[in-house]
Amino acid sequence: MSLQERIPKQLRLGDSIIGIALDEDVGVFPTSEYVLLEISPTAEKINVLKIASTIQGLVRNDKRIVAIRGYGFKGIGLAVRVAHELKVREQRFRYEMAFDTFDASDKEGKTLTSVQIVVMPPS
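Below or above, wherever it landed, is the structure these notes cover. Predicted, not measured: the structure shown is a model, and the values here were computed from it.

## A few points about the packing of aromatic side chains
Line of reasoning, step 1. Inspection of every chain in the model, using the stated rule, returns one aromatic pair.
Line of reasoning, step 2. Geometrically, the ring pair formed by Tyr71 and Phe102 is edge-to-face, given 5.9 Å between the ring centres and 90 degrees between the ring planes. Highlighted residues: Tyr71 in strand E4 (residues 65-71) and Phe102 in strand E5 (residues 96-105), separated in sequence by 31 residues.
Line of reasoning, step 3. You can call Phe102 buried: its relative accessible area is 6%.
Line of reasoning, step 4. Across from the ring centre of Phe102, 5.8 Å away, lies the NZ or CZ of Arg69, which sits over that ring.

Following this line, the structure appears as structure tokens:
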């Protein structure tokens, strides 16, 4: 099974525009299949190390899928920093990551380029 086929259907983006409804810098939305972490386009400073540590535990120990969505310039940068920190932490455990870009719309209707990074345990 390919990496893209392992992504839950709800996380497959397609051509639709995702609406951003975050009021905080980071939003966490757990489901039975995966955990979705969203980073706002207005995020200032987040604790990248703590977020990466939490994701590492979810993927490595709990075998959960975690999706990181970063909206806009700031959100993309912070999402990639979290993914980078996960790669730095790899030792004997290897993550599998799928990257995808998509369009998102903020509260004013402005379209923002965004990124989704899906982190999965190895198959």
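Resuming the write-up.
## Concerning the pattern of salt bridges
Charged atoms that come close allow side chains of opposite charge to pair.
Line of reasoning, step 1. The final tally for this structure, using the stated rule, is seven salt bridges.
Line of reasoning, step 2. Note that Arg89 and Glu85 form a salt bridge whose closest N and O atoms lie 3.2 Å from each other. Note that Arg89 and Glu85 are positioned in helix H3 (residues 72-89) at a spacing of four residues, about one turn of the helix.
Line of reasoning, step 3. Across the salt bridge formed by Arg94 and Glu90, the nearest N and O atoms sit 3.0 Å from each other.
Line of reasoning, step 4. Each member of the salt-bridge network shares a partner with another, and the members are Lys87, Glu90 and Arg94.

## Quick notes on the pairing of strand E3 (residues 34-39)
Note on strand geometry: in a regular strand, side chains alternate between the two faces of the sheet.
Line of reasoning, step 1. Counting buried residues in E3 gives six out of six residues, a clear majority hidden from the surface.
Line of reasoning, step 2. A two-sided burial pattern is seen for E3, the buried positions comprising Tyr34, Leu36 and Glu38 on one face and Val35, Leu37 and Ile39 on the other.
Line of reasoning, step 3. The sheet contact formed by strand E2 (residues 26-30) and E3 spans five bridges and is antiparallel. By the bridge assignment for E3, Phe29 is matched with Leu36.
Line of reasoning, step 4. Between E2 and E3, which pair antiparallel and follow one another directly, the connecting turn spans three residues.
Line of reasoning, step 5. Of the strand pairs in this sheet, E3 and E4 are connected by six bridges, and their pairing is parallel. Looking at E4, one finds that Tyr34 is bridged to Ile65.
Line of reasoning, step 6. A crossover links E3 with its parallel partner E4, the connecting element being helix H2 (residues 48-60), and its sense is right-handed.

## Considering the packing of H2 against H3
Line of reasoning, step 1. At a minimum axis distance of 9 Å, the contact between H2 and H3 shows a crossing angle of 60 degrees. When the axes of H2 and H3 are compared, the pair comes out oblique. Judged by the twist between their axes, the crossing of H2 over H3 is right-handed. Residues Val48, Leu49, Ile51, Ala52, Ser53, Ile55 and Gln56 of H2 form the contact with H3, whose participating residues are Arg81, Val82, Glu85, Leu86 and Arg89.

## Let's talk about the pairing of E5
Line of reasoning, step 1. When strand E1 (residues 18-19) meets E5, the two strands line up parallel, connected through two bridges. Note on E5: the bridge partner recorded for Gly19 is Ser105.
Line of reasoning, step 2. Examined bridge by bridge, E5 and strand E6 (residues 111-120) share 10 bridges and lie antiparallel to one another. Looking at E6, one finds that Ala98 is bridged to Val118.
Line of reasoning, step 3. Counted along the chain from E5 to the antiparallel partner E6, the turn is five residues long, and its residue Gly109 has a positive phi close to 90 degrees.

Cut-off values and rules
Residues numbered from 1 in each chain as written. Predicted model: local features only at pLDDT ≥ 70, side-chain atom pairs only at ≥ 80, totals over all residues. Heavy atoms only, no water. Phe/Tyr/Trp six-rings, centres within 6.5 Å; stacked < 30°, edge-to-face > 60°. Helix = DSSP H or I, 4+ residues; strand = E, 2+ residues; numbered from the N terminus. Buried < 20%, exposed > 50% of the residue type's maximum accessible area, 1.4 Å probe, protein only. Lys NZ or Arg CZ within 6 Å of the ring centre and 35° of its normal. Salt bridge = Lys/Arg side-chain N within 4 Å of Asp/Glu carboxyl O. Pairing = 2+ DSSP bridges. Right-handed = clockwise from strand over helix to strand, strands pointing away. Axes fitted to C-alpha atoms, helices over the stretch in contact; angles between N-to-C directions. Parallel < 35°, antiparallel > 145°, perpendicular 65-115°, else oblique. Left-handed = near helix turned anticlockwise from the far one by under 90°. Contact = heavy atoms within 4.5 Å.

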